[in-house]
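These are the residues of each chain, in order.
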Amino acid sequence: MKTSHKTLLGLAIVSQFVGAALFLVVFIYLVYNAPANVGPEYFEGPFAIMNLVGLLFTAYCTAIIVIFIIHATRNPHLEMTGMRTTWLVLLCIFGPWAMPFYWFHYIWRDVVPMQQSKSGPLGLNRVQN
C-alpha cells in the first residue's frame, strides 16, 4: 500500500473524532443560544441541516469501518497469527476506538507475513523485497 493511502486512512480515522466533536459543539451551541420563547420555526432550519450532516457523517464512518474490515479479512498476517477473528470483532464492536491500533500495527508499519521472514522471530536479518 502506498504511503499516501496509509496517510489518508490515518486522517480518516482522526476525522471521525474531530467530526463527532464538532457536531456535538454545534448542537450544544444551537440549543444553548435558543431564545427563551422558542417556537418550532427556530429548530426547523438548523436542525434539518444537522440531521442531514449526521446522516452523511454516519455513512462516512460506516464506509471507513467497511474498508478496515475488508483489509482485516484479506490480511495474511492475521490468518497466520490467528488474530483475524479478534480484530474483526474489535472493529465491528468498537469501530473508531479500535481502528487507530489496527491502522498503526497492520497498515502503517506494513507488517510482513511470518512466512516471508528469513531470520527468526526478531527479524534481525530480514531480506527486503
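Please refer to the structure higher up on the page.
Rules of the game
- Residues numbered from 1 in each chain as written.
- Predicted model: local features only at pLDDT ≥ 70, side-chain atom pairs only at ≥ 80, totals over all residues.
- Heavy atoms only, no water.
- Axes fitted to C-alpha atoms, helices over the stretch in contact; angles between N-to-C directions.
- Helix = DSSP H or I, 4+ residues; strand = E, 2+ residues; numbered from the N terminus.
- Parallel < 35°, antiparallel > 145°, perpendicular 65-115°, else oblique.
- Contact = heavy atoms within 4.5 Å.
- Nonpolar A, V, L, I, M, F, W, Y, C, P; charged D, E, K, R; others polar.
- Polar contact = N/O pair within 3.5 Å; in protein donor to acceptor, adjacent residues only side chain to side chain.
- Salt bridge = Lys/Arg side-chain N within 4 Å of Asp/Glu carboxyl O.

Two numbers describe how helix α1 (residues 3-32) lies on helix α5 (residues 99-108): the axes approach to 10 Å, and their chain directions differ by 175°. Here α5 runs roughly antiparallel to α1, going by the angle between their axes. Residue-level inspection shows Thr3, Lys6, Thr7, Leu9, Gly10, Ile13, Gln16 and Phe17 of α1 in contact with α5, the latter providing Met99, Pro100, Trp103, Ile107 and Trp108. Split by residue class, the contact of α1 with α5 holds eight nonpolar, four polar and one charged.

Turning next to the environment of Arg109. In this fold, Arg109 is placed in the segment after α5. Sequence spacing of Arg109 and Lys6 is 103 residues, and the spatial spacing of their C-alpha atoms is 9.5 Å. Within the structure, Arg109 has its side chain in polar contact with the side chain of His105 (distance 3.3 Å).

As a further point, take the pattern of salt bridges. If you walk through the whole model with that rule in mind, you get one salt bridge. Here Glu79 and Arg84 are joined by a salt bridge, their closest N and O atoms 3.7 Å apart.

The next subject is the side chain of Asn75. With respect to the helices, strands and loops of the structure, Asn75 is situated in the loop between α2 (40-74) and α3 (76-81). Of the polar contacts made by the side chain of Asn75, one reaches the side chain of Tyr102; its length is 3.4 Å. When residues no more than four places from it in sequence are discounted, the contact partners of Asn75 are Arg84, Tyr102 and Tyr106.

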